[in-house]
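Inside the fold
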Amino acid sequence: MASDVPVRLRVLIPAVENSVDARAYRNGDIIQARNGKTSEIMTTDAEGRLVLADALVEADSEDPDLIVDCATLTGAARVAVGTEMSAIWSNKEGLGRRLQEISWAINDPCWMMPLYRGYRKHLKSNLADLRNTGSGGSGSITAALYLEEFLQKRSSPGNSLQKHKATPWIHMDFMGSNNGGRPGRPEGGDAQGMRALFEVVKEVGEKGGWPKEEGKEEEEGTEGKEE
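The structure displayed is predicted, hence computed values, not measured ones. (Residues numbered from 1 in each chain as written. Predicted model: local features only at pLDDT ≥ 70, side-chain atom pairs only at ≥ 80, totals over all residues. Heavy atoms only, no water.)

1. Overview of the layout of surface pockets
- Taken as a whole, the largest pocket spans an internal volume of roughly 1200 Å³.
- Along the wall of the largest pocket there are 35 residues; nearest its centre are Leu9, Arg10, Val11, Val68 and Val201.
- Of all the elements in the fold, those that place two or more residues in the lining of the largest pocket are helix H1 (48–60), strand S3 (67–71) and helix H5 (194–207).
- Counting residues per element, the lining of the largest pocket draws most heavily on H5, which supplies 6 residues.
- Residue classes in the lining of the largest pocket are distributed as 24 nonpolar, 4 polar and 7 charged. (1 Å grid on protein atoms, 1.4 Å probe; cavity = no way out; pocket = protein on both sides within 12 Å on 5 of 7 lines; lining within 4 Å. Points joined across faces, edges and corners; volume = space filled by probe spheres on them. Helix = DSSP H or I, 4+ residues; strand = E, 2+ residues; numbered from the N terminus. Nonpolar A, V, L, I, M, F, W, Y, C, P; charged D, E, K, R; others polar.)

Structure follows, in structure tokens:
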């Protein structure tokens, strides 16, 4: 707000705790999201993505120009990039690449990971629309693919023949803390990736939305199509 960035920013905080009591959910339960999509619970340790999915549905309900979600979501992301940078995914390749480029320029590093839709098959369930975790490894990618399922697909008004497109979206999976002190980053909680995201949000605001990526428009079922 102090920077007078030309955006209307809405912030949702999907906080969750997985303490066990008589009402706690269990493996094998079927959980329904706010858009009606159902998830079979394969592990109760993957609770964050269930409430984050609801937040994505709510965020997308206002037809925004950009959705960004940030979460300490998977241990697999830490294995991939360690603790001092954020792993990112995007359904718009140019947007993800731009965030990565900016992040390294300002020493707030992020690394773009593949949103490989060939792994979507690992989320298939015989009892629900999705499993809440994948069955074939690649845990950080399948977590991103799970979240992507809760973005709406839209076509242009009056053009029913146009392929459905989703809202430009960035998913950031980060550590959110420093295990050891570094210059300018003391030990403890750390707002990883936030300076880089600020620059991208400012850029999107100044452009009035993320521009169409020629030849890069992702459609449902493309790139890494399932067998």
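From this point, the discussion proceeds with the structure in view.
2. A word on the nonpolar core
- Ranked by internal contacts, the top residues of the largest apolar core, which has 28 residues, are Trp89, Tyr146, Leu147, Phe150 and Trp169.
- Elements supplying a minimum of two residues to this core: H1, S3, helix H2 (75–81), strand S4 (86–90) and helix H4 (139–148).
- Looking at this core element by element, the count peaks at 6 residues for H4.
- If you look at the next biggest cluster of nonpolar residues, it comprises 15 residues, including Cys110, Met172, Phe174 and Trp210. (Core = buried A, V, L, I, M, F, W, Y, C linked by side-chain atoms within 4.5 Å. Buried < 20%, exposed > 50% of the residue type's maximum accessible area, 1.4 Å probe, protein only.)

3. Structural notes on the sheet that holds strand S2 (residues 38–40)
- Taken in spatial order, the 3 strands make up an open sheet running S1-S2-S6, and their pairing is mixed. The open sheet terminates on both sides in strands that have one partner only, identified here as strand S1 (30–32) and strand S6 (130–131).
- Pairing between S1 and S2: 3 bridges, direction antiparallel. Of the residues in S2, the one forming a bridge with isoleucine 31 is serine 39. (Pairing = 2+ DSSP bridges.)

4. Focus: H1
- A rise of 1.5 Å per residue sets the reference length of H1, with its 13 residues, at 18 Å; its end C-alpha atoms lie 18 Å apart and thus fit the reference within 8%.
- Arg49, Leu50, Leu52, Ala53, Ala55, Leu56, Val57 and Asp60 are the residues of H1 that are buried.
- Structurally, H1 contributes buried residues whose contacts are with S2, S3, H4, strand S7 (153–154) and strand S9 (169–173). (Expected span 1.5 Å × (residues − 1). Contact = heavy atoms within 4.5 Å.)

5. A closer look at the side chain of serine 86
- With respect to the element layout, serine 86 can be found in strand S4.
- With residues near it in sequence (within four places) discarded, serine 86 still touches Val81, Pro109, Cys110, Trp111, Met172, Asp173, Phe174, Gln192 and Gly193.

6. Examining the packing of H1 against H4
- At a minimum axis distance of 9 Å, the contact between H1 and H4 shows a crossing angle of 35°. By crossing handedness, the relation of H1 to H4 is classed as right-handed. Contacts between H1 and H4 involve Arg49, Leu50, Leu52, Ala53 and Leu56 from the former and Ala143, Tyr146 and Leu147 from the latter.
- Looking at side-chain class alone, the contact of H1 with H4 contains 7 nonpolar, no polar and 1 charged residues. (Axes fitted to C-alpha atoms, helices over the stretch in contact; angles between N-to-C directions. Left-handed = near helix turned anticlockwise from the far one by under 90°.)

7. Describing a nonpolar patch on the surface
- Among the surface-exposed residues, Val7, Leu9, Val11 and Ile13 lie close enough to one another that they form a single nonpolar patch of about 450 Å² accessible area.
- Along the chain, the position of leucine 9 falls in the segment before S1. (Patch = residues over 30% accessible without salt bridge, like charges linked within 9 Å, V, L, I, M, F, W, Y side chains within 5 Å. Areas by Shrake-Rupley, 256 points an atom, 1.4 Å probe, with all protein chains shown as cover. Salt bridge = Lys/Arg side-chain N within 4 Å of Asp/Glu carboxyl O.)

8. Some remarks on the pairing of S9
- Most of S9 sits inside the fold, with 5 of its 5 residues counted as buried.
- Where burial is concerned, the two faces of S9 agree: the one with Trp169, His171 and Asp173 and the one with Ile170 and Met172 are both buried.
- In terms of strand pairing, S3 meets S9 through 5 bridges, oriented parallel. Within the sheet, the bridge partner assigned to valine 68 lies in S9 and is isoleucine 170.
- The pairing of S4 with S9 spans 4 bridges and is antiparallel. From the neighbouring strand, tryptophan 89 faces S9, where its bridge partner is histidine 171.

9. Points about the sheet that holds S9
- Taking strand neighbours across the sheet as the criterion, the 4 strands line up as S3-S9-S4-S5 in an open arrangement whose pairing is mixed. Two strands close off the open sheet at either side, each with one partner strand: S3 and strand S5 (110–112). Strand-to-strand, the axes of this sheet are offset by a mean angle of 25°, without reference to chain direction.
- The strands touched by H1 within the sheet are S3 and S9, with S3 carrying the most contacts at an inclination of about 160°.
- Taken strand by strand, H5 contacts S3, S5 and S9, and its axis lies near 175° from that of S9.

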